[in-house]
Amino acid sequence: MSNTDQASIRLRALTDLARALARVHGFSEVITVVAEESRKALDARVVSLSEYVRATGQLRVLINHGELLPFEERFPEEEWYAPSDFPRIVSEEYPRPWTLRSDDADADPRRTASLRLRERHSALISPIFFAGQVWGELYAARTADQEPYTDADLDFAATLAALVSAGLAQADRQEYLERLAYTDELTGLANRRAIEVGLDEAMELHRLTGLPVALIICDVNGLKQVNDTSGHDTGDAVLEQLAGHLSAVAGTVNGALAARIGGDEFCVLVVGQPWSTVTQLAEDLAGRAAKLEGISGAAVGYAATDGPAGTVASRDTLFRLADAAQYEAKHEGIQRPVAATTRHLIRVEEAAADGSAASRDRRRIRRGR
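Per chain, the residues get numbers from 1 upward, laid out in the order the sequence is written. Residues qualify for local features only when their pLDDT is at least 70, as the model is predicted, and side-chain atom pairs are given and counted only at 80 or more; totals for whole chains, interfaces and linings, by contrast, use all residues. Neither water nor hydrogens contribute to the side-chain values; these are computed over all heavy atoms in the structure.

Colleague: What should I look at first to understand the confidence of the model for the chain in this one?
Modeller: Detailed reading of the predicted coordinates is not advisable wherever pLDDT is low. pLDDT is a per-residue confidence score from the predictor, ranging from 0 to 100. For the chain, the average pLDDT comes to 85, and 89% of its residues sit at 70 or higher. Should any heavy atoms of two residues lie within 4.5 Å, those residues are considered in contact. Here residues 357–369 is modelled with pLDDT under 50, and outside its nearest four sequence neighbours on either side it reaches one contact, counting other chains as well.

Colleague: In this structure, what is going on with the pairing of strand S2 (residues 58–66)? I would like to understand it.
Modeller: Looking along a regular strand, one sees the side chains alternate between the two faces of the sheet. Buried, partly exposed and exposed residues are distinguished by accessible area as a fraction of the type maximum, computed with a 1.4 Å probe on protein chains only: under 20%, between the cut-offs, and over 50%, respectively. Each helix is a run of DSSP H or I of at least 4 residues and each strand a run of E of at least 2, with the numbering of both proceeding from the N terminus. Most of S2 is tucked away, with seven of its nine residues classed as buried. At least two bridges found by DSSP between two strands are what make those strands a pair. Here eight bridges tie strand S1 (residues 46–53) to S2, and the two strands are oriented antiparallel to one another. Bridge pairing links Val 46 to Gly 66 in S2. Between S1 and S2, which pair antiparallel and follow one another directly, the connecting turn spans four residues, one of which, Gly 57, has a positive phi of 70°.

Colleague: Please clarify how helix H9 (residues 232–250) should be interpreted in this entry.
Modeller: Each α-helix turn comprises 3.6 residues. Residues three or four places apart therefore point the same way. For a helix, the expected span equals 1.5 Å multiplied by the number of residues minus one. In this model H9 runs 26 Å from its N-terminal to its C-terminal C-alpha over 19 residues, within 8% of the 27 Å that 1.5 Å per residue would give. Burial in H9 covers these residues: Gly 235, Val 238, Leu 239, Leu 242, Ala 243, Leu 246, Ser 247, Val 249 and Ala 250. Those residues of H9 that are buried are in contact with S1, strand S7 (213–220), helix H8 (223–230), strand S8 (256–262), strand S9 (265–271) and helix H10 (275–290).

Colleague: For this particular structure, what's the right way to read the pattern of salt bridges?
Modeller: Side chains that differ in sign of charge can pair as their charged atoms come close. Definition used for salt bridges: Asp or Glu carboxyl oxygen within 4 Å of a side-chain nitrogen of Lys or Arg. Taken as a whole and assessed by the stated rule, the structure comprises 23 salt bridges. With a closest N to O distance of 3.4 Å, Glu 36 and Arg 74 form a salt bridge. On the criterion of sequence distance, the pair formed by Glu 36 in helix H2 (residues 27–41) and Arg 74 in the loop between S2 and strand S3 (80–81) is long-range, its members being 38 residues apart. Given a relative accessible area of 31%, Glu 36 falls into the partly exposed group.

Following this line, the structure appears as structure tokens:
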């Protein structure tokens, strides 16, 4: 096939995708059209569309389309991949499309093994950008009886991914707003509302099953100075970098949710993991924050229902414990994470008692007593 013929075919494929996207509106309709038209455009045996969920640091497959194997689902409910399975998506700010072959000895052995498991010979992976961030990836695969993807296909894949991004942007506005209600707009992490809902659900699960729940809170050191000397855009960039590290930390274990709870304060909610794992996550987070340029690391505190502070039965107590440990790290200039202990619990209980007494006094004053 001549270059002119191939260019004509690809232009028609892009036009077909644009027209198909113009006819649909809902998010599920958009991802279906994207998968169907992308498979034709890339001459693939199968195409998958996945979303990078920053709050959990994982890649979630939304749809698989084409010649699927018995263990593959068109709309999988639980098909997730860890950051180590797609390092370019999380390690590069603006990753370019790339190709992969099952017989490539220099490629990531996990991805080549995945290709062989699915009886596919080559793949083309193109990151999808949305609102200035990596949204996910478009994955296309061919079998051994087809010509393998080459670097000559990369520019076309990037153009196709840009069109997919435009389709996502026009997806159902209401669904987007519902997602936004639980997402921090700057970082893409969960927001305070989402973490409160998640913490309520986790504590109820703990009450019913005894499953441990932990909370890691971190506060950026020196962000005000960054804002004052270099401007808020630079400060926002620091917050986005730290958010990326929180996402990476949360992605190393199941049952973790990363969130920005306000200003320069972040947290990671961890469900179903032992105290030793939570400690490792807190140390990893503190170590990553210490390497960020422009700030003096982050103050990190953490607490758990099965931690050294003793029995923790309520959401508010767990949050206040982690916050008290974080405050100690901040106030004392401690660079390592501070774990909540019984002395923090005593302070939290005393503060709660003082608050209750003050609240009663305010009610008496309002009633004229």
